[in-house]
Amino acid sequence: MEMKIGIDAGGTLIKIVQEFENKRKYHTELTINIDKVIQWLNQIKFESLSLTGGQASIIAEQLSKPTQNFVEFDAASKGLGILLKEQGHDINQYIFANVGTGTSLHYFDGQQQQRVGGIGTGGGMIQGLGYLLSQISDYKQLTDLAQKGDRDTIDLKVKHIYKDCEPPIPGDLTAANFGNVLHHMNEDFSLENKLASVVGVVGEVITTMSITVAHEHQTDNVVYIGSSFNNNPLLRKVIEDYTVLRGFNPFYIEHGAFSGAIGAIHLNDNH
Ligand code: ADP
């Protein structure tokens, strides 16, 4: 059976896609276990191996077989286009926010992507700041806890400031992330609440930047991809709700985190 492999080796995770005649297999490995992936690749048979991401050349160097290496932004854009079409999303112009270890913002104009921004708030911040607050380094444990949290005593909302009168903007908007903490000095802030607030600030900054560049490029569509949404429906909800509240259309794509790996396989299709 002929198999094509696409690998997107990022700062935290290696995304692996095996593509057969009419199906795909998806697999994720921690980047710190890159040697395991290299060993596996040296053992199996494949028709082609396409690589992308910051760690791609480390893999290529240690393989005896030929590989192709692609720029990650083009690979992600190509793969995302394929997934959007397959999943019935008929959009031609959009911003896509790749929420990985860090967040990268791109405008797709119907033909190609252009990188239009980047932010340091992303999955790496959830893990890093999350660890500083909780001493938890296990991703699943950390994100499981965050889902159960409540941001009310930690984040300051507009309605907390406009106590007795109608605010000029929606009262539920965050006025200051973590800005409510000093108003609740006697409170025992739970891990769940602290971690939910970390997810909150990360999600809100990503949304703010995404819709700003969407406005700049005159599109209403924002597509969110990246492994940071794994086991973290709270992040998805924060971003989705805030994007809608600001009047834009959020899209989430199944297997969106594998856009780069899929795109790497197909970037040469039309050449
Ligand atoms: P990159 O290409 O930079 O590695 P990804 O899109 O793979 O970016 O996203 C990395 C982020 O995904 C991490 O920062 C973390 O928040 C999240 N993540 C999802 N699953 C895991 C996991 N099993 N272990 C660690 N981080 C994970």
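Conventions used here
- Residues numbered from 1 in each chain as written.
- Predicted model: local features only at pLDDT ≥ 70, side-chain atom pairs only at ≥ 80, totals over all residues.
- Heavy atoms only, no water.
- Buried < 20%, exposed > 50% of the residue type's maximum accessible area, 1.4 Å probe, protein only.
- Helix = DSSP H or I, 4+ residues; strand = E, 2+ residues; numbered from the N terminus.
- Pairing = 2+ DSSP bridges.
- Right-handed = clockwise from strand over helix to strand, strands pointing away.
- Near = heavy atom within 4 Å.
- Polar contact = N/O pair within 3.5 Å; in protein donor to acceptor, adjacent residues only side chain to side chain.
- Areas by Shrake-Rupley, 256 points an atom, 1.4 Å probe, with all protein chains shown as cover.
- Nonpolar A, V, L, I, M, F, W, Y, C, P; charged D, E, K, R; others polar.
- Core = buried A, V, L, I, M, F, W, Y, C linked by side-chain atoms within 4.5 Å.
- Contact = heavy atoms within 4.5 Å.
- Salt bridge = Lys/Arg side-chain N within 4 Å of Asp/Glu carboxyl O.

In this section: the pairing of strand 4 (residues 48-52). Of all five residues that make up strand 4, four are buried, and the element is covered over most of its length. Two elements, strand 1 (residues 4-9) and strand 4, share five bridges in a ladder whose sense is parallel. Bridge pairing in strand 4 links glycine 6 to serine 50. Relative to strand 5 (residues 68-70), strand 4 runs parallel, the two being bridged by three bridges. Counted as the bridge partner of threonine 52 is phenylalanine 70 from strand 5. Handedness of the strand 4-helix 2 (residues 56-61)-strand 5 crossover: right-handed.

With that out of the way, let us pick up unusual backbone geometry. At phenylalanine 178, a position not held by glycine, the phi torsion is positive, near 70°. Looking at the secondary structure, you find phenylalanine 178 in the loop between strand 10 (174-176) and helix 7 (191-216).

Bringing the site of the ligand into the picture now. Taken together, 17 residues are adjacent to the ligand, and Thr12, Leu13, Lys15, Thr101 and Ser227 come closest. Between the ligand and the protein, one listed contact pairs an oxygen atom with a side-chain N or O atom of lysine 15 at 2.8 Å. A distance of 2.6 Å separates an oxygen atom of the ligand from a polar atom in the side chain of threonine 101. When the ligand is considered free in solution it has 580 Å² of accessible area, and contact with the protein chains removes 84% of it. Here the shell around the ligand takes three residues from helix 4 (residues 123-134), the largest share from any one element. For the shell around the ligand, a count of residues per class yields four nonpolar, twelve polar and one charged.

Once that is clear, we can look at the nonpolar core. One finds Ile95, Ile206, Tyr224, Phe229, Leu235 and Ile239 to be the most contacted residues of the largest nonpolar core, which totals 30 residues. Counting residues per element, the ones that place at least two in this core are strand 6 (94-99), strand 7 (103-108), strand 8 (113-119), helix 5 (139-147), helix 7, strand 11 (221-225) and helix 8 (233-245). The biggest single contributor to this core is helix 7, with nine residues. Among the nonpolar cores identified, the runner-up in size contains 19 residues, and Leu80, Ile82, Ile253 and Ala261 belong to it.

Before going further, it helps to examine the side chain of asparagine 232. Mapping asparagine 232 onto the fold places it in the loop between strand 11 and helix 8. With sequence-adjacent residues up to four places away left out, asparagine 232 is seen in contact with Ile126, Tyr139, Thr143, Gln147 and Val199.

Attention now moves to the pattern of salt bridges. Where charged atoms of side chains with opposite charge meet at close range, the side chains can pair. Following the criterion strictly, the structure yields ten salt bridges and no others. A salt bridge links lysine 157 to aspartate 172; its shortest N-O distance comes to 3.2 Å. Of this pair, lysine 157 sits in strand 9 (residues 156-157) while aspartate 172 sits in the loop between helix 6 (158-161) and strand 10, and the two are 15 residues apart along the sequence. Residue classification places lysine 157 among the partly exposed residues on the basis of a relative accessible area of 22%. Salt-bridge contacts for lysine 237 lead to aspartate 241; the nearest nitrogen and oxygen are separated by 2.5 Å. Remark: aspartate 241 and lysine 237 occur in helix 8; sequence separation between them is four residues, near one turn of the helix. Through salt bridges that share partners, Glu19, Arg24 and Glu86 make up one connected network.

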